[in-house]
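Fold and geometry: a report
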There are 2 protein chains.
Amino acid sequence: MAAGAVPEEVLLNSDLIQELKEVARDAALLHGVLMRTKESPNSSEVVSYAPFTLFPTPLPRPLFQQAVQLQILFNRLVDKISQDLSFLEEALASTIKVDDFTAQLFNIHRTVQQEGHSQSTVLGLIRSDYMLDLGPDGKTTLKQIEFNTIAASFGGLSSRTPDVHRHILKVAGLLEHQKRVMDNNPAAEFASALAKAWELYGSGRAVVMFLVEDVQRNIFDHRCVENELWKRNVPVIRKTFDDVFKTGLLDQEKKLFVLVPCAVLCGSFLCCVFLQNWEVRLMMERSQAVKCPNIQTHLAGVKKVQQVLAQPGVLEKFFPNEPEAVAQIRATFAGLYALDVGEQGDRTVAMALANPEKFVLKPQREGGGNNIYGEDICRVLQGLKGNSERAAYILMDKIHPQPVENYLLCCNSAVKLTTCVSELGIFGTYIRQGTKMVWNQCAGHLLRTKSAEHDDGGIAAGVAVLDNPCLV
Amino acid sequence: MAAGAVPEEVLLNSDLIQELKEVARDAALLHGVLMRTKESPNSSEVVSYAPFTLFPTPLPRPLFQQAVQLQILFNRLVDKISQDLSFLEEALASTIKVDDFTAQLFNIHRTVQQEGHSQSTVLGLIRSDYMLDLGPDGKTTLKQIEFNTIAASFGGLSSRTPDVHRHILKVAGLLEHQKRVMDNNPAAEFASALAKAWELYGSGRAVVMFLVEDVQRNIFDHRCVENELWKRNVPVIRKTFDDVFKTGLLDQEKKLFVLVPCAVLCGSFLCCVFLQNWEVRLMMERSQAVKCPNIQTHLAGVKKVQQVLAQPGVLEKFFPNEPEAVAQIRATFAGLYALDVGEQGDRTVAMALANPEKFVLKPQREGGGNNIYGEDICRVLQGLKGNSERAAYILMDKIHPQPVENYLLCCNSAVKLTTCVSELGIFGTYIRQGTKMVWNQCAGHLLRTKSAEHDDGGIAAGVAVLDNPCLV
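Everything numeric here is computed off the predicted structure, so don't read it as measured data.

Reading the values: the criteria
Residue positions are given per chain, counted from 1 along the sequence in the order it is written. Chain letters start at A and ligand numbers start at 1, both assigned in the order the entries are written. A pLDDT threshold of at least 70 governs which residues receive local features in this predicted model, and a stricter bar of 80 or more applies before side-chain atom pairs are shown or counted, although totals over entire chains, interfaces and linings include all residues. With hydrogens and water stripped out, all remaining heavy atoms of the structure feed into the side-chain values. Numbered from the N terminus, helices here are DSSP runs of H or I no shorter than four residues, and strands are runs of E no shorter than two. Burial classes follow relative accessibility: with a 1.4 Å probe on protein chains only, a residue under 20% of its type's maximum area counts as buried, one over 50% as exposed, and anything between as partly exposed. Salt-bridge detection follows one rule: a side-chain nitrogen of Lys or Arg within 4 Å of a carboxyl oxygen of Asp or Glu. It only takes one pair of heavy atoms within 4.5 Å for two residues to be counted as in contact. Accessible area, probed at 1.4 Å, shrinks when two parts are joined; the buried area is that loss added up over both. Here a polar contact is taken to be a pair of N or O atoms separated by no more than 3.5 Å, where protein atoms must pair a possible hydrogen donor with a possible acceptor and residues adjacent in sequence count only if both atoms sit in side chains. Superposition of the copies used a least-squares fit over C-alpha atoms from residues whose pLDDT is at least 70 in both. We define the nonpolar core as a collection of buried residues of types Ala, Val, Leu, Ile, Met, Phe, Trp, Tyr and Cys that are connected through side-chain atoms lying within 4.5 Å of one another. The domain boundaries here were taken from an automatic or database domain assignment. What makes two strands pair is DSSP finding at least two bridges between them. Helix axes use the C-alpha atoms of the stretch in contact, all axes being lines fitted to C-alpha atoms, and the angles between their N-to-C directions lie in the range 0 to 180 degrees. Pairing of aromatic side chains here covers Phe, Tyr and the six-membered ring of Trp, requires ring centres within 6.5 Å, and sorts the geometry by plane angle: under 30 degrees stacked, over 60 edge-to-face, intermediate tilted. Placement of a charge over a ring requires the Lys NZ or Arg CZ to be within 6 Å of the ring centre, with the centre-to-atom vector within 35 degrees of the ring normal. Orientation labels follow simple angle bins: below 35 degrees gives roughly parallel, above 145 gives roughly antiparallel, 65 to 115 gives roughly perpendicular, and whatever is left gives oblique. Should the near helix be turned counterclockwise from the far one by less than a right angle, the crossing is left-handed, whereas a clockwise turn marks it as right-handed. Three classes are used, and their members are as follows: Ala, Val, Leu, Ile, Met, Phe, Trp, Tyr, Cys and Pro are nonpolar, Asp, Glu, Lys and Arg are charged, and the others, Gly among them, are polar.

1. Things to note about the environment of Leu336(B)
Residues and elements named next belong to chain B. Within the secondary structure, Leu336 is located in strand β12 (residues 336–338). Look at Leu336 and you get buried, because its relative accessible area is 12%. Placed 32 residues apart in sequence, Leu336 and Lys304 show a C-alpha to C-alpha distance of 9.7 Å.

Quick look at the structure:
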């Protein structure tokens, strides 16, 4: 049996698994791995545990370290892209014609660009996602699935899961495995970066604002980061877009103010979590607030950019004198193909139709769960044939992860032995003041695991569950 | 305004209180201050927070310290009582005639006494409860309400509440108050004592068994202690009386065995949490297991003993050469009066009927919420007049605590400003091997607060809620 794998006498002992499930559930709850219920997503009167794996998943240490070490390079890359406005304009030209969301972002970008930015400090909080690809030669390599520039989700809860897995392993008598589960604290890492940016904003009256959706089922994930900020004596408020729409205003110096419960207006520095209201987004982009992400960093994260980056010579443009950096980043790229109108796009379509099982078709749309696989690729591409709308997608090589047997614990679902695949996210934080990078850190990791039956979908979509690497 | 009190601009700012409630609830949940729901007391699929106060309650530091310092004396006193079999027999003679529960305990005690004890190590985990009595002279003194020898409840959750209150105070801007909330970790203290007793038991194959009720709404409280034991590499199992009834057995050396999920029989060392099945209790008392409490220590905790201790000369018998210890303990006694048949009991009845508002009538019954107040005292005593059944009660002076304004947060209840009173419990742990006390510690505290409207009832009864002292 491979190191780090759970021995069969544990995995298949149904009495023990039953006991471990109870222990695991209560440990997750006690450690704050919480989620509000589907039925009452805006109430904390009764809550449940966030879904998670019973056991951590074996992951080769060298590949994990490769991903961790890459993160400060990816941070720099994303920040460079966000500052290269002609690159963004060119890369997204075809996308904004057909994808309304990206077009709206781009309009805001253009507006604030013309008006002039009132804040030169940028806070980046990004996540680069990978899967382990088992090649036909039997070699496993690290392949990037995507990178996200609005990526704080589950950084809080994943700070709590290592202790849960260690406890389960201890009760299961797997003491050697237990030592292979590393500490992970994205909540503290995010808070350190946010606190640094708050400090740079330079007003003791400023607060960090978490801009949240109306439906807040994942509030405990945010609360983990909030608590870490309060520990650092940085005040935090939570506001919905609607709150900001109703009570937000800019003063003459473009300082952003919102109404807080102490019944005074406070200068606020903000952290965007998600986006809905374009008017509010524009007000915030115009403001002196330090944005996370700002509009350019948001644009740098759209999938089309990822595909353009994979083209020959593009990474070299961002790292002109660092061939080693280019090689390290490129080594994690899977094949990525444009679907723009024209000959190149036609070739991509022909390739996808010939072997749809080899690819993933990815729309620009935000969030997980929208990717297209197998015969659906043919259906979608044939529907779009010759149509410029196919530029709203990119095509990517499908990754072949090695499946692992595990149990997935989800509220009110039966727990059964499941063949699973995992995705490793590495968090990064950086802060740039004007042209100077003053903070660049790897900020922990997020392992998500799902049934191999599901092609797609994240934790929020209820498909993937929280996990931890068990380094081997 | 008194130091430690919450300023009115906070206490009466309804917008801020609304915000703090949300913050408080989520903080309690994230810190593991959990309870299963009334609707599903045996499931952890959805859970709620254990009820708690929004703010900690001011408590004079000298009185708090007095209670803490007394604990190692109380530990010794309880242990001495448990070994003084003729004292127990005499003190409980009238009670066992009328109280069936105490009589059953006494029968088991007699049986194992005749057979001879097979374990000379005793683990005590006790709690001494106090209220602050505001005398007619305006002086506040510490008065003991009762002591408990089955008292582990809420030691786990109260280890988690200091951080919750500190967080609330920080968000409320009450930084000075925050520093007055002390650390408290009964879960770790219990676990240290349990681990020591496990070590003294002397078998690496032994496990700590938590004997639990069928309805386990308060499981998270226990889990806090279990987790602390696992951290100390001491294995823990949870068993109901029914589990032990069905699978428990004693070997020829009177080692106790129960079936555990690994499908092997394990030698078990045990911690009783609550009692129901007399057959199981007898089997356990006969066994080599270290009991917590053993039957004599259990008997030492019945309320009648408390009344006998308050009689002149009784404490002196237990501490013959320590007048200082006697004085310190006696200083916390409220007036306690016997209701045995006879002249003394008749005088007690007359005194109670004349001024019922000055007294509390306490039945022997285990657990809180059974005390009798005011006109009900007359009703009960008149019903029992001349009847030997009145020996099942003791009478105690009523304490007059100083009320404090606070908000009580209970699942699915409206939160409103409430006039509250508090009860301070001090936990103690001790281990005796034969005649030698090898462990004697104060093990933290438990402050419980309830609406002043309620005369009686604990947290489990849904009346009192978890609180913390804010030392002034």
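2. Details of the pattern of salt bridges
Following the criterion strictly, the structure yields 58 salt bridges over all chains and no others. The salt bridge partner of Glu22(A) is Arg25(A), with a shortest N-O separation of 3.6 Å. With Glu22(A) and Arg25(A) both in helix α2 (residues 14–30), this residue pair falls three residues apart, about one helical turn. Close ionic contact of Glu45(A) with Arg25(B) constitutes a salt bridge, the shortest N to O distance being 2.3 Å. A residue pair is termed interchain when its members come from two chains, as with Glu45(A) in the loop between β1 (34–36) and β2 (47–49) and Arg25(B) in helix α2 (residues 14–30). For Glu45(A), a relative accessible area of 13% translates into the label buried.

3. Details of the interface of chain A and chain B
In this assembly, 37 residues from chain A lie in contact with 37 residues from chain B. Summing both partners gives a buried area of about 3300 Å² for chain A against chain B, and 55% of it is carried by carbon and sulfur. Linking chain A with chain B are 21 residue pairs in polar contact (both at pLDDT 80 or more). Elements that contribute at least two residues to the side of chain A that touches chain B include exactly α2, β1, β2, α6 (161–171) and α9 (219–231) of chain A.

4. Observations concerning the relation of the copies chain A and chain B
It takes a turn of 180 degrees to lay chain A on chain B, together with a shift of 0.0 Å along the axis; the resulting RMSD is 0.0 Å. The relationship between the two copies is best expressed as a two-fold rotation axis. When each C-alpha of chain A is compared by its distance to the rotation axis, Val47(A) comes out closest, at 2.7 Å.

5. Examining the nonpolar core
Judged by nonpolar contacts, the single largest core of 128 residues is most densely connected at Phe55(A), Leu20(B) and Phe55(B). Setting aside its immediate chain neighbours within four residues, Leu20(B) contacts Val10(B), Leu54(B), Phe55(B), Ile168(B), Val171(B) and Ala172(B).

6. Observations regarding unusual backbone geometry
Cis geometry is adopted by the peptide bond preceding Pro293(A), which originates at Cys292(A) and carries an omega value of 0 degrees. Note that Pro293(A) resides in the loop between α11 (278–286) and α12 (295–300). Backbone geometry at Asn233(B) places phi at a positive 60 degrees, although glycine is not the residue there. Residue placement: Asn233(B) occurs in the loop between α9 (219–231) and β8 (236–240). For Asn412(B), which is not a glycine, the phi torsion comes out positive at approximately 60 degrees.

7. Points about the domain arrangement of chain A
Accessible area lost on assembly of the parts is the figure often given for the size of an interface. Residue and element names in this part refer to chain A. Partitioning chain A into domains gives domain 1 (8–334 + 400–471) and domain 2 (336–398). For domain 1 versus domain 2, the separation of C-alpha centres amounts to 26 Å. Listed by partner, the interface residues are 23 residues for domain 1 and 23 residues for domain 2. With both chains or domains summed, domain 1 and domain 2 bury close to 2000 Å², and 56% of this area falls on carbon and sulfur atoms. Joining domain 1 to domain 2, the criterion identifies two salt bridges. As a salt-bridge pair, Lys362 and Glu146 come within 3.9 Å of each other at their nearest N and O atoms.

8. Section: the environment of Leu85(B)
Of note, Leu85(B) is situated in helix α4 (residues 85–98). You can call Leu85(B) partly exposed: its relative accessible area is 25%.

9. What about the sheet that holds strand β15 (residues 393–397) of chain B?
Strand pairing in a sheet takes place through backbone hydrogen bonds and is either antiparallel or parallel in direction. Residue and element names in this part refer to chain B. Taken in spatial order, the four strands line up as β12-β15-β13-β14 in an open sheet, and their pairing is antiparallel. Of all the strands in the sheet, the pair left with one neighbour each is β12 and β14 (372–373). Bridge count for strand β13 (residues 359–363) against β14 is two bridges, and the pairing is antiparallel. From the neighbouring strand, Val360 faces β14, where its bridge partner is Tyr373.

10. As for the pairing of strand β10 (residues 256–259) of chain A
Residues and elements named next belong to chain A. Both strand β9 (residues 249–250) and β10 contribute to a ladder of two bridges, which runs antiparallel. When the bridges of β10 are listed, Leu249 appears paired with Phe257. Connecting β9 to the next strand, β10, in antiparallel fashion are five residues, including Lys254 with a positive phi near 65 degrees.

11. With respect to the pairing of strand β15 (residues 393–397) of chain A
All names here are of chain A. Within β15, four of the five residues are buried, which leaves it mostly tucked inside the rest of the structure. With three bridges connecting them, strand β12 (residues 336–338) and β15 associate as antiparallel partners. Paired with Ala338 across the strands is Ile394, a residue of β15.

12. Here's the deal with the sheet that holds strand β14 (residues 372–373) of chain A
Residues and elements named next belong to chain A. With antiparallel pairing, four strands are arranged side by side in an open sheet as β12-β15-β13-β14. One side of each edge strand has no neighbouring strand; the edge strands of this open sheet are β12 and β14. Against the sheet, helix α16 (residues 343–354) touches β12, β13 (359–363) and β15, its axis set at about 125 degrees to β12.

13. A look at the packing of aromatic side chains
For the coordinates displayed, the defined rule picks out twelve aromatic pairs over all chains. Seen from their ring centres, Phe74(A) and Phe147(A) are 6.4 Å apart, and the 40 degrees between their planes marks the pair as tilted. Taken together, the positions of Phe74(A) in helix α3 (residues 61–83) and Phe147(A) in strand β6 (residues 140–148) put the pair 73 residues apart, joining distant regions of the chain. Each member of the pair, Phe74(A) together with Phe147(A), is buried. Aromatic side chains Tyr337(B) and Phe359(B) sit 5.9 Å apart centroid to centroid with 85 degrees between the ring planes, which places their arrangement in the edge-to-face category. One end of the pair, Tyr337(B), is in strand β12; the other, Phe359(B), is in strand β13, and 22 residues separate them in sequence. On the basis of relative accessible area, Phe359(B) is assigned to the buried category, the value being 6%. One Lys or Arg, Lys317(A), reaches over the ring of Phe318(A) and ends 5.1 Å from the middle of that ring.

14. Comments concerning the packing of helix α8 (residues 186–201) of chain B against α9(B)
Residues and elements named next belong to chain B. Two numbers describe how α8 lies on α9: the axes approach to 8 Å, and their chain directions differ by 50 degrees. Relative to α9, the element α8 lies oblique. Like other packed secondary-structure pairs, α8 and α9 cross with a definite hand, here right-handed. In this structure, α8 uses Ala187, Ala188, Phe190, Ala191, Leu194 and Ala195 to contact α9, whose residues at the interface are Cys224, Val225, Glu228 and Leu229. Grouping the constituent residues of the contact of α8 with α9 by class yields nine nonpolar, no polar and one charged.

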